[in-house]
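Below are the chains, spelled out letter by letter.
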Amino acid sequence: MPLTAQLRGALSLLILCLSPLLSAAPTVGAEPGAAQAEAEPVPSRPRIGLVLSGGGARGLAHIGVLRALERLRVPVDLIVGTSMGALVGGAYAAGRTVPELEAFVQTANWEAILADRQDRRSLSFSRREEDTLVGSRLDLNLNRSGLSLPPAAAGNSALEQALEQLVTPASAERPTAALPLPFRALATDLVSGELRTLAQEPLFLALRASMAVPGVFAPVRVKGRLLVDGGLVRNLGVDVARQLGADIIIAVNVGSPLLEERDLRSALGVANQMLQILTEQNVGRSLRELRPDDVLIDPQLDDLGFMAFRQRVDAIEVGERAALAVASRLEALALSERDYQQHQARRQGVKDDSQGTHALVLAELRIEGTRRSKPEALRAELARLENLEPGKPVTPGQIERAALALQGRGDFERVDARINDEDGRRHVTLQVQEADWALSRLRLGAEIYSNFDDANRFSLVAMHTLSWLNAWGGELRTVLRLGSQREFSTELNQPLGAGSAWYLAPHFSSTGDGSDVYADGLRAARFALFQRSATLSLGRRLGNWGDVRLGYGNFSVRARPVLPQPPGVSDIRVRGRGVEAQLRVDTLDSISFPSRGQLLTLGLRHLRNQDEADDSSLSVLGLRAYRWHDWAGHIYLEFQRSLRGQAGTLGGFLRLSGTPDDSLDGEQLLMTRLVMARRVGALPLGLGQAVRLGISLEAGMATPRAQVFRASELRLAGSGFLAVDTRFGPVYLALGHTRGGGTAFYLYLGKLGG
């Protein structure tokens, strides 16, 4: 059984406890009669209602059905849609053409829409920084009651951005009952299990609620009720279309079929089958409500899964063929060319009363819906990031970016922007819905590294982030790592004012690790290394893409000989103080597998130990990502130099693969690599994203400070790898080789450093 179907079943286990309610769910909010909200005059011909079922990626077949209906000149007088059927039907009812729907499906980034969070480049710098600390994306809520999962496996913002692109601004806030073509979206009340027919709600909100697949997308609160995908109680709304006054119904059923017995060998398979049974039962009742004059279109989508959006073209074509297969029945409903064009003109007759793209002076910016977050701090932050200040001209594009910036903080479930232009001035309201689970977040992960020889490390890691400690937006982040590497670190990021770019960051860390000493490429000794530091930094955010900070602190290092263990030798201890300046830039779309953006870290450090001996160091690390069709990768460059101490080490996976780990060191270090990988598959929703096959080409050297870099001493290496982007971090299985040196296999899980 496909893993996607298994995951869908697992995510829906919560819904199964409602099965007594779902099996005979009543209709709430149903239409009392066809004449209530329909502005369009009743045609002299039979009134035709189009009913589109849910079905995930299978629902893209509805576009093919619409294409066939237009080809046959069959008019549609009203539409009832569920889930993906609501998405397609609502956009069509609002005036979108079939070519526009096809273009949307082709250009939409379905991987991003179904990703576990929004595009990383739209996250705040603090949220991006977390990826460099812990490779996992498994975030939980930690509160007094214990741990709880987020409300959905996928993020909401990418889906809502896609809906904003699909639904025209003129119709997004229009009630579904007021569209040129009468339309109803169906949703399920998650608390009562009742059907909700969305008629007076704005089109955007209605589509979002109907598409809230349980466990995949978060429920939507509409008029105080939590709503999810309507397919749980009415996947094919034949009765709703009849209540709206349809004389003849064209029903399109694209729901997933029941699984075969051979696929019911796991708890997930059984859970998925139970959900499918509930859905099929309500579809079966709807099919029995069809009359002899009604038309059923049943596209044969047996090989297309619920999440198979990469097969979108196939789904559209199958839908068109299925509609044309019953052309003999549909032709009896066709209009003349002239009458059909008039009908289509009425459907596409939504007047674009949107605000346009021009700038107007901002009269006021209101932020509503906050509870723990502070509007004053948020307004100051938006003034800094997007120049959104009263008295200054602003465009709708700025307002859209402002809403995205708030979403990128990670504090909000939804951010809706409302624009009202009066007397040449622009009034803006940002309606936010705080994500309660995100205010105290716990990220859990694991780190595994093995070269299948003498380098084997395993650590468990947890990072806790506590937001909005005060009215200025203070945030406390703590990292705990246990295993081969030990770490306890905590840092308070305290803005120096509401929404200020300036901040103070007191930081404390205590780490423990093993360190090998090499002589002429051979391991000579091993030390247990313990380090502590306490620093206070003054920093400034550079938009959402970077920051700069200057810090002063104390440090201590203790090294204990492990191998060999000479008798009578005590621990080596070093204490001191120093200053550090650092510039960081991060615009990568992914830390694990970047395909766009860049990463730059520039550091200067001056230390003085207890013997008044000084050491200064410089480090430059830069990464530039690229993308070409299904290929993606990066170019990396690293330079480090120290006056007295060790600048860094080379050896290990992607740091001269095949060379023993950390076996090359010196007072100056130079390394570069080119990584390129091709996408060959994808993990099921909720488990991760792409699967890639790739190679790396690497070169580097470590030398004494007084020695000039010579090309003859440059070591060349490379690797071939299989990489999987999981929610627990990137997983690599690789074979590496250094020219004239060694060869090693690698298994790697965790955050990928330099």
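Residues numbered from 1 in each chain as written. Predicted model: local features only at pLDDT ≥ 70, side-chain atom pairs only at ≥ 80, totals over all residues. Heavy atoms only, no water.

Going by what an unreviewed UniProt entry lists, the chain is known as NTE family protein and is assigned to Roseateles asaccharophilus.

## So, the packing of aromatic side chains
Taken as a whole and assessed by the stated rule, the structure comprises 8 aromatic pairs. When the centroid spacing of 6.3 Å and the interplanar angle of 75° are considered together, the rings of tyrosine 732 and tyrosine 748 count as edge-to-face. Of this pair, tyrosine 732 sits in strand β32 (residues 729-738) while tyrosine 748 sits in strand β33 (residues 743-749), and the two are 16 residues apart along the sequence. Just as tyrosine 732 is buried, tyrosine 748 falls in that class too. Counting every residue linked through ring pairs, the aromatic cluster contains Tyr449, Phe593, Phe653, Phe721, Tyr732, Tyr746 and Tyr748. Taking the ring centre of tyrosine 92 as reference, the NZ or CZ of arginine 347 above it sits at 3.7 Å. The lysine or arginine in question, arginine 673, covers the ring of tyrosine 636, its NZ or CZ lying 4.3 Å from the ring centre. (Phe/Tyr/Trp six-rings, centres within 6.5 Å; stacked < 30°, edge-to-face > 60°. Helix = DSSP H or I, 4+ residues; strand = E, 2+ residues; numbered from the N terminus. Buried < 20%, exposed > 50% of the residue type's maximum accessible area, 1.4 Å probe, protein only. Lys NZ or Arg CZ within 6 Å of the ring centre and 35° of its normal.)

## Quick word on unusual backbone geometry
For the peptide bond that leads from leucine 563 to proline 564, omega is -15°, which places it in the cis range. Here proline 564 lies in the loop between β22 (546-563) and β23 (572-586). Phi at tryptophan 468 is positive, roughly 50°, even though this residue is not glycine. Inspection of the secondary structure assignment puts tryptophan 468 in the loop between β17 (456-466) and β18 (475-483).

## Here we look at the environment of aspartate 421
Residue placement: aspartate 421 occurs in strand β14 (residues 412-422). The exposure class of aspartate 421 is partly exposed, given its relative accessible area of 24%. For the pair aspartate 421 and alanine 363, spaced 58 residues apart in the sequence, the C-alpha separation amounts to 9.2 Å. Among the polar contacts listed, one links the side chain of aspartate 421 to the side chain of arginine 426, at a separation of 2.9 Å. (Polar contact = N/O pair within 3.5 Å; in protein donor to acceptor, adjacent residues only side chain to side chain.)

## Digging into empty space enclosed by the protein
Across all of its chains, the model carries 7 cavities of 30 Å³ or more by this definition. Of the volumes computed, that of the second largest cavity is approximately 410 Å³. Along its surface, the second largest cavity is lined by 28 residues, and Ser126, Glu381, Arg409, Asn493 and Arg541 are the ones closest to its centre. If you list the elements that add at least two residues to the lining of the second largest cavity, you get α8 (125-133), α17 (375-386), β18, β19 (486-495) and β20 (502-519). Each residue belonging to the lining of the second largest cavity can be placed in one class, and the counts come to 10 nonpolar, 9 polar and 9 charged. No fewer than three residues from each of domain 2 (360-434) and domain 3 (440-749) sit in the lining of the second largest cavity. (1 Å grid on protein atoms, 1.4 Å probe; cavity = no way out; pocket = protein on both sides within 12 Å on 5 of 7 lines; lining within 4 Å. Points joined across faces, edges and corners; volume = space filled by probe spheres on them. Nonpolar A, V, L, I, M, F, W, Y, C, P; charged D, E, K, R; others polar. Domains from an automatic or database assignment.)

## Let's talk about the confidence of the model for the chain
Confidence in the prediction for the chain averages 86 pLDDT; 89% of positions are at 70 or higher. Element-level mean pLDDT values for the chain span from 34 in helix α2 (residues 13-16) up to 97 in β19. Taken together, the stretch residues 1-28 has pLDDT below 50 and engages in 64 contacts with residues farther than four places along the chain or on a different chain. This model gives residues 30-40 a pLDDT under 50, and the stretch forms 23 contacts once residues within four places in sequence are excluded. (pLDDT = per-residue confidence, 0-100. Contact = heavy atoms within 4.5 Å.)

## Observations concerning helix α18 (residues 396-408)
If you check α18, its first and last C-alpha atoms are 18 Å apart, about what 13 residues at 1.5 Å a residue would give, namely 18 Å. Pro396, Gln398, Ile399, Ala402, Ala403, Ala405, Leu406, Gln407 and Gly408 are the residues of α18 that are buried. Glycine 410, located one to two residues past α18, shows a positive phi value of around 85°. (Expected span 1.5 Å × (residues − 1).)

## Observations regarding the sheet that holds strand β12 (residues 360-368)
Reading across from one edge, β13-β12-β15-β14 is the order of the 4 strands in this open sheet, with mixed pairing throughout. On the outer flanks of this sheet lie β13 (393-394) and β14, each paired with one strand and no other. Taken together, the 10 bridges between β14 and strand β15 (residues 425-434) define a ladder with antiparallel strand orientation. By the bridge assignment for β15, alanine 417 is matched with leucine 430. Across the sheet, α17 is in contact with β12, β14 and β15; its angle to β12 comes to roughly 145°. (Pairing = 2+ DSSP bridges. Axes fitted to C-alpha atoms, helices over the stretch in contact; angles between N-to-C directions.)

## Focus on the packing of helix α5 (residues 84-93) against helix α11 (residues 203-210)
Think of two packed helices as two axes; the pair is described by the angle between the axes and how far apart they sit. Packing of α5 against α11 leaves a shortest axis separation of 8 Å and a crossing angle of 160°. Accordingly, the angle class assigned to the pair α5 and α11 is roughly antiparallel. The handedness of the crossing between α5 and α11 comes out as left-handed. The segment α5 lies against α11, with Ala86, Leu87 and Gly90 engaging Leu203, Leu207 and Ser210. In terms of residue class, the contact of α5 with α11 is built from 4 nonpolar, 2 polar and no charged. (Parallel < 35°, antiparallel > 145°, perpendicular 65-115°, else oblique. Left-handed = near helix turned anticlockwise from the far one by under 90°.)

## Topic: the environment of leucine 716
As for its placement among the helices and strands, leucine 716 is situated in strand β31 (residues 715-726). Overall, the relative accessible area of 33% leaves leucine 716 in the partly exposed class. Each C-alpha atom, one on leucine 716 and one on leucine 656, is 7.1 Å from the other, the two residues being 60 residues apart in sequence. Ignoring sequence-local partners within four residues, the contact set of leucine 716 consists of Glu698, Ala699, His737, Thr738 and Arg739.

## Examining the environment of leucine 623
As for its placement among the helices and strands, leucine 623 is situated in strand β25 (residues 614-628). Taking C-alpha positions, leucine 623 is 6.5 Å from leucine 637, a pair spaced 14 residues apart along the chain.

## Focus on α11
One turn of the α-helix equals 3.6 residues, which is why residues spaced by three or four share an orientation. α11 sits mainly inside the fold: 8 of its 8 residues count as buried. Buried within α11 we find Leu203, Phe204, Leu205, Ala206, Leu207, Arg208, Ala209 and Ser210.

## Examining the packing of helix α6 (residues 98-107) against helix α14 (residues 312-324)
Relative orientation of the contacting elements α6 and α14 amounts to 150°, with a least axis distance of 10 Å. In this view, α6 runs roughly antiparallel relative to α14, as classed from their interaxial angle. Note on element contacts: α14 touches α6 through Arg312, Val313 and Ile316, opposite Glu102, Val105 and Gln106. Each residue belonging to the contact of α6 with α14 can be placed in one class, and the counts come to 3 nonpolar, 1 polar and 2 charged.

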